[in-house]
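Breakdown of the fold
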Amino acid sequence: MADSGVQMAQAEGFGATLRRDAWWVAILPVVVVLGGFGIYATLRAFEGRFYEWGPYLSPFYSPLIDPEHHWWAWSPALLILGGPLGFRATCYYYRKAYYRAFFLDPPACAVGEHKRSKGRSYRGETAFPFILQNLHRYFFYLALVFLAFLWHDAVRAFFFDDGVHVGVGTAVMLANVMLLSLYTFSCHSLRHLAGGKLDCFSCATFGRPRYSAWRWVSVLNERHMQFAWVSLFSVGLTDFYIRMVSSGAFRDVRLF
Ligand code: FES
């Protein structure tokens, strides 16, 4: 049935399908959430202020480089934005989500795609610019560096001028870096690296530890889509909270 649906969709052109469900509903949240996050993150990256308060530092600005503007005149976030942005933009899950939601290419499973996508000239991710998506594994290594800075920031968020305390911001930053860690360590590239590319663990060097690592990463990897979304929300909310506290709109509550 699914095969005949695909054939019918291809025969009838863009958007044609035998599917009877509201397949287009799935792409709306992606457009709204991913589009909204993109606009918010861009505005915040260019804003260049209200990114720290006490021991708190916004994840959009971490690591903080040249905040005194000795050699960089613009927002410090612009110096580091490429790392996390490249990691998210080339993520295998997000690729599926935004190819469907923003390019409608294809709009959904068994739904007719653009005519040009079916022609012989279609090169997918084997030609520029989409071949750059293959940089994802390198962005993964870069993401580990960013993650180390964010863990450092989360620990530093306990150390206020008057001693060690926990504020709402501390809890928010800690939750954020934990969710980002789950997103990063559930990455498909890491699973491939750990053992996904092997045909035989017992024949490989360090086969046993790699098998254990592959199994653990696989457990996380099954939930990669969920981690992708919750970590996106947590990054945005963490930055929003710190912006509000820094600008004086919110007062940070000391939990203990
Ligand atoms: S596949 Fe999504 S972060 Fe690597």
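Computed from a predicted model, the values in this text were never measured in an experiment.

It is worth spelling out the packing of aromatic side chains at this point. Within this structure, the stated rule accounts for 25 aromatic pairs. Ring centres of phenylalanine 87 and phenylalanine 140 lie 6.5 Å apart, and the angle between their planes is 45°; on these two criteria the pair is classed as tilted. Here the residue phenylalanine 87 occupies a position in helix 4 (residues 82-89), and phenylalanine 140 occupies one in helix 7 (residues 136-156), the gap between them amounting to 53 residues. By the burial criterion, phenylalanine 87 is buried, and phenylalanine 140 matches it. Chaining the aromatic ring pairs together yields one cluster made of Phe87, Tyr93, Tyr94, Tyr138, Phe140, Tyr141, Tyr183 and Trp229. Above the face of the tyrosine 183 ring, arginine 88 is positioned so that its terminal group lies 4.3 Å from the ring centre.

So, about helix 9 (residues 188-196). By the burial criterion, the buried members of helix 9 are Ser189, Leu190, Ala194 and Gly195. On its buried side, helix 9 packs onto helix 5 (92-101), helix 7, helix 8 (168-185) and helix 10 (207-221).

On average, the protein chain scores 91 in pLDDT, and the residues at 70 or more come to 93%. Confidence drops under a pLDDT of 50 for residues 1-9, and excluding neighbours within four residues, the segment shows 10 contacts in the predicted structure.

Further remarks concern helix 11 (residues 224-247). Given a rise of 1.5 Å per residue, 24 residues ought to cover 34 Å, and the 34 Å separating the end C-alpha atoms of helix 11 matches this to within 8%. At the exit of helix 11 stands glycine 248, carrying a positive phi of roughly 90°.

A contiguous nonpolar patch, built from Phe128, Ile131, Leu132, Leu135, Tyr138, Tyr141, Leu144, Phe185 and Leu193 and spanning about 850 Å² of accessible area, is present on the exposed surface. For the nonpolar patch, the leading source of residues is helix 7, giving three residues. One can find phenylalanine 185 in helix 8.

This next bit is on the pattern of salt bridges. This structure, assessed with the given rule, holds seven salt bridges. Where glutamate 47 meets arginine 243, a salt bridge forms, and the shortest distance between an N and an O atom there is 2.6 Å. Of this pair, glutamate 47 sits in helix 2 (residues 27-47) while arginine 243 sits in helix 11, and the two are 196 residues apart along the sequence. What emerges from the salt-bridge pattern is a single network uniting Arg44, Glu47, Asp239 and Arg243.

Conventions and cut-offs
Residues numbered from 1 in each chain as written. Predicted model: local features only at pLDDT ≥ 70, side-chain atom pairs only at ≥ 80, totals over all residues. Heavy atoms only, no water. Phe/Tyr/Trp six-rings, centres within 6.5 Å; stacked < 30°, edge-to-face > 60°. Helix = DSSP H or I, 4+ residues; strand = E, 2+ residues; numbered from the N terminus. Buried < 20%, exposed > 50% of the residue type's maximum accessible area, 1.4 Å probe, protein only. Lys NZ or Arg CZ within 6 Å of the ring centre and 35° of its normal. Contact = heavy atoms within 4.5 Å. pLDDT = per-residue confidence, 0-100. Expected span 1.5 Å × (residues − 1). Patch = residues over 30% accessible without salt bridge, like charges linked within 9 Å, V, L, I, M, F, W, Y side chains within 5 Å. Areas by Shrake-Rupley, 256 points an atom, 1.4 Å probe, with all protein chains shown as cover. Salt bridge = Lys/Arg side-chain N within 4 Å of Asp/Glu carboxyl O.

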